[in-house]
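The primary structure of each chain is shown beneath.
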Amino acid sequence: VDASVLHMATIKDLSQHIARKDLSPVEITEAILARIDATDTSLGSYITVLAESALRSAHAAEQEIQQGRYRGPLHGVPIAVKDLVWTKGVVTTCASSILKDYIPSEDATIIKRFRDSGAVLLGKLNMHEFAFGVTGETSAFGPCRNPWDLNRLPGGSSSGSGVAVAAGLAYGAIGTDTGGSIRIPASLCGTVGLKATYGRVSRYGVIPLSWSFDHVGPLARSVEDAALLLNSIAGHDQLDPSSAEVSVPEFDKGLSDNLRGVRLGIPREFFFENITAEVKSAVTSAIDRMSDLGAQIQEVSIPLLDHTVAIWNTCVLPEATAYHLNHLRTHPELYTPEVRERLELGLFIPAVAYATAQRIRRKLSEQVYEVFRNVDIIIGPTTPSSAPKAGGEEVLVGETKQDARISMGYLTRVANLTGIPSISLPCGFSSHGMPIGMQLMAKSFDESTAIRTAHAYEKATTWHEHHPELSDTTRD
Amino acid sequence: MKKLSKATMREIASSSQIDISDEKLSAIKPQVEQIIEALRPLLGLELAETEPQLIFRSRQE
């Protein structure tokens, strides 16, 4: 690994050097802490940097590896987590003034699993307050900025996770996804984001937004890295009532360079109507490339896709409000006005509407599963446009102008409503030099097919090899 | 579903012990109506055999 670009190495490459003892986890951690110190003031990706404990973990990892006790591909690798994941003895804020002094007394299950893997925890990442928004602008600790252009949105709610991975301030990160909050920042920042199947990754110790929609998952600089991170955190957890008791494959195994036999379904009526011309062109080219790699392409129809926003809003708002009720009673003034208003809105969704939307949601799942009888993957853009300017830019999607802050989540919610896995990966750049992402969705618990398909496309392209230049991050 | 009046919304907020100003209720009311209105085209769906998808386990096929 070239020392000048060490911070942009993949976990896969880095781990091979660490295992061979030709790279030191201590030196890697020192270098990345120095990079965070030098560059994160302008990006705002971290809320808390755990320099001392990270160095202690790195020293411990190095000692174990020197003694021949190498644990696996995350051993000695610096990663970071969204600041809604419990970390014992470390403040966990949800990017809100309400929790600015909240210190959990135990680790979330995923933190325990990362510690078992020997990963080095660099710190806690910025996010949209309480994960309730898609821009990354709204945080008690200041907005997070896109490393490709500081004037543009990073996407949210896992904004710090997308930014830290894209800018080389962590080798991998954890985000959460209730309506797209892993995949949206992955798309806008040019990284990979993987939302696994509902129940695949424990949510114990992860502060909820909406119980029946929340997912935890990795952001990384390659598909294989996302698979390695998922290997570490997936699996049943008795502490999480939604955790699924299903076998967990090794997600990084069986990757290949071709897509022979993979059947791709394209739901044109929804995914390709209300998007920008640039996004349409990039995703269409990507599908052509996947066809060249051996994939069979067919159009599919999911009639209820048009209504995903309506169903999602009616279900998520009351669930979020129910969780926040006590804080809304006692300290409403501590929320940002935007998130407070959204939470207050949930009070007025009638219970009948909520239950009805949950029934329609099951209908949608049935339609999606009908499609999966004939295809292995459903493919489409992750976001309707590349990263819009901060502050409420309207974007021309199809024939209408839309507030980008709202439209960013339109295309991702179907995977939360149905619980199916979805991976977002880079597939091009806009005329402004901003990344464009596409998402591949698979049947429940078939993350392996989504990962294998994404990996084959990634290997055939170079989009993931482009990284932002932090010295020149304002374009126009 | 009938539209909620501001008076009803005030009662709902009050019964949840949440203090929302009149001005805020005016801002929230059309948003609530928009959400319910968006659901309206779906109310004609045949749902007789359909259970809610609340906390669920995804199907494994």
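Bear in mind that the values here come from a model prediction, so they are computed numbers and not experimental data. Each residue is numbered by its place in its chain's sequence as written, counting from 1. Here chains are named by letter from A upward and ligands by number from 1 upward, in the order in which they appear as written. Given that the model is predicted, a residue must reach a pLDDT of at least 70 before its local features are reported, and side-chain atom pairs must reach 80 or more before they are shown or counted; all residues, however, enter totals for whole chains, interfaces and linings. Working from all heavy atoms in the structure, the side-chain values ignore hydrogens and water.

What follows deals with the overall build of chain B. When its secondary structure is counted, chain B shows two helices and zero strands. The buried share of chain B, taken over its 61 residues, is 30%. Here the open area of atoms and residues is found with the Shrake-Rupley method and a 1.4 Å probe, where only the protein chains shown may cover a residue. Here chain B has roughly 4100 Å² of accessible surface; of this, 50% comes from carbon and sulfur atoms. Helix and strand definitions here come from DSSP, where helices need a minimum of 4 consecutive H or I residues and strands a minimum of 2 consecutive E residues; each element is numbered from the N-terminal end. Relative accessibility thresholds used throughout: buried, under 20% of the residue-type maximum; exposed, over 50%; partly exposed, between the two (1.4 Å probe, protein chains only).

For the rest of this paragraph, the subject is the overall build of chain A. Helix and strand counts for chain A come out as 15 helices and 13 strands. Taking 476 residues into account, the globule formula puts the C-alpha radius of gyration at 23 Å, and chain A, at 21 Å, falls close to it. The buried share among the 476 residues of chain A stands at 64%. Contact between two residues is taken to exist if any of their heavy atoms lie within 4.5 Å; hydrogens are not considered. Put simply, of all contacts in chain A between residues at least 6 apart along the chain, 77% involve residues at least 24 apart. Split by element, the accessible area of chain A, about 15800 Å² in all, is 47% carbon and sulfur. Across chain A, 43 positive and 54 negative side-chain charges occur, with their mean positions spaced 4 Å apart. The reference for a compact globule is 2.2 Å times residues^0.38; the radius of gyration itself is calculated from the C-alpha atoms. Only four residue types enter the charge count: Lys and Arg as positive, Asp and Glu as negative, with His and the chain ends excluded. In this description, the location of a charge corresponds to atom NZ of lysine, CZ of arginine, CG of aspartate or CD of glutamate.

Let's shift gears to the sheet that holds strand S13 (residues 435-441) of chain A. Two strands in a sheet stick together by hydrogen bonds in their backbones, pointing the same way (parallel) or opposite ways (antiparallel). Residue and element names in this part refer to chain A. Strand order across the open sheet formed by 11 strands is S1-S3-S2-S4-S6-S5-S12-S13-S9-S7-S8, with mixed pairing between neighbours. A strand with exactly one partner marks an edge of an open sheet, and here the two such strands are strand S1 (46-49) and strand S8 (296-299). On average, adjacent strands in this sheet sit at an angle of 30° to one another, irrespective of strand direction. A pair of strands is considered paired only if DSSP assigns at least 2 bridges between the two. As paired elements, strand S7 (residues 263-266) and strand S9 (residues 377-381) share two bridges and run parallel to each other. In the sheet register, leucine 264 faces S9, and the bridge partner there is isoleucine 377. Across the face of the sheet, helix H15 (residues 447-459) comes into contact with strand S5 (192-195), S7, S9, strand S12 (422-429) and S13 while running at roughly 15° to S12. Axis lines are fitted through C-alpha atoms, for helices just across the contact stretch, and the angle between N-to-C directions can take any value from 0 to 180 degrees.

In this section: unusual backbone geometry. Residue and element names in this part refer to chain A. Of the consecutive residues glycine 156 and serine 157, the connecting peptide bond is found in the cis state with omega at 10°. Positive phi is not limited to glycine here, since alanine 95 has a value of about 55°. Here alanine 95 is to be found in the loop between strand S2 (78-82) and helix H4 (109-117). Unusually for a residue other than glycine, alanine 131 sits at a positive phi of about 65°. Along the chain, alanine 131 falls in the loop between strand S3 (120-125) and helix H5 (159-166).

Keep in mind that low pLDDT regions are not for reading the predicted coordinates in detail. Known as pLDDT, the predictor's confidence for each residue is given on a scale from 0 to 100. For chain B, the mean per-residue pLDDT works out to 85, and 87% of the residues sit at or above 70. Per the prediction output, this complex has pTM 0.96; the corresponding ipTM is 0.89.

One side-chain nitrogen of Lys or Arg within 4 Å of one carboxyl oxygen of Asp or Glu is enough to make a salt bridge. The full count for this structure, using the stated rule, is 22 salt bridges over all chains. One salt bridge in this structure joins Lys253(A) and Asp252(A), with 3.5 Å as the shortest N-O distance. The exposed category is assigned to Lys253(A), whose relative accessible area is 52%. For Lys6(B), the salt bridge identified is with Asp22(B), shortest N-O distance 3.6 Å. Here Asp22(B) lies in helix H2 (residues 22-39) and Lys6(B) lies in helix H1 (residues 6-15), a separation of 16 residues in the sequence. Overall, Lys6(B) belongs to the partly exposed group, its relative accessible area being 25%. Among the ionic contacts, a cluster of salt bridges with common partners joins Arg340(A), Glu344(A) and Lys24(B).

Taken together, the contacts link 46 residues of chain A with 38 residues of chain B. Buried surface at the junction of chain A and chain B, summed over both partners, amounts to about 3900 Å²; 66% is from carbon and sulfur atoms. Think of a polar contact as two N or O atoms within 3.5 Å of one another; within protein, one of them needs to be a possible hydrogen donor and the other a possible acceptor, and neighboring residues in sequence only count if both atoms come from side chains. Our enumeration of links across chain A and chain B arrives at eight residue pairs in polar contact (both at pLDDT 80 or more). In terms of residue class, the side of chain A that touches chain B is made up of 24 nonpolar, 13 polar and nine charged. Note on terms: buried area is the combined drop in 1.4 Å-probe accessible area of two parts once they are placed together, counting the loss on both. Residue polarity is assigned by list, with Asp, Glu, Lys and Arg as charged and Ala, Val, Leu, Ile, Met, Phe, Trp, Tyr, Cys and Pro as nonpolar; anything else, Gly included, falls into the polar class.

A word on empty space enclosed by the protein. Detection works on a 1 Å grid of protein atoms alone, calling trapped sets that fit a 1.4 Å probe cavities and calling open sets with protein on both sides within 12 Å along at least five of seven lines pockets, with lining residues defined by an atom within 4 Å of a point. Grid points are joined across faces, edges and corners, and a volume is the space filled by probe spheres set on the points. Applying the stated rule across the entire model yields four cavities of 30 Å³ or more. Looking at the largest cavity, its volume works out to about 110 Å³. Around the largest cavity, the lining is made up of 13 residues, and of these Lys2(B), Lys3(B), Leu4(B), Glu33(B) and Ile36(B) lie nearest the centre. It is H2(B) that contributes the most residues to the lining of the largest cavity, five residues altogether. Lining the second largest cavity are 14 residues, and of these Gly190(A), Arg221(A), His464(A), His466(A) and His467(A) sit closest to its centre.

The next point concerns the packing of aromatic side chains. All names here are of chain A. To pair, rings of Phe, Tyr and Trp, with the six-membered ring standing in for Trp, must have centres within 6.5 Å; the planes then decide the type, stacked if under 30 degrees apart, edge-to-face if over 60, and tilted in the middle. The final tally for this structure, using the stated rule, is eight aromatic pairs over all chains. With centroids separated by 5.7 Å and ring planes inclined at 45°, the aromatic side chains of phenylalanine 130 and tyrosine 335 adopt a geometry described as tilted. A residue pair is termed long-range when its members are at least 10 positions apart, and phenylalanine 130 in the loop between S3 and H5 and tyrosine 335 in the loop between helix H10 (308-330) and helix H11 (337-345) qualify at 205 residues. Note on accessibility: phenylalanine 130 and tyrosine 335 belong to one class, buried. Plain terms: the ring middles of tryptophan 211 and tyrosine 323 are 6.2 Å apart, the flat faces sit at 75° to each other, and that makes the pair edge-to-face.

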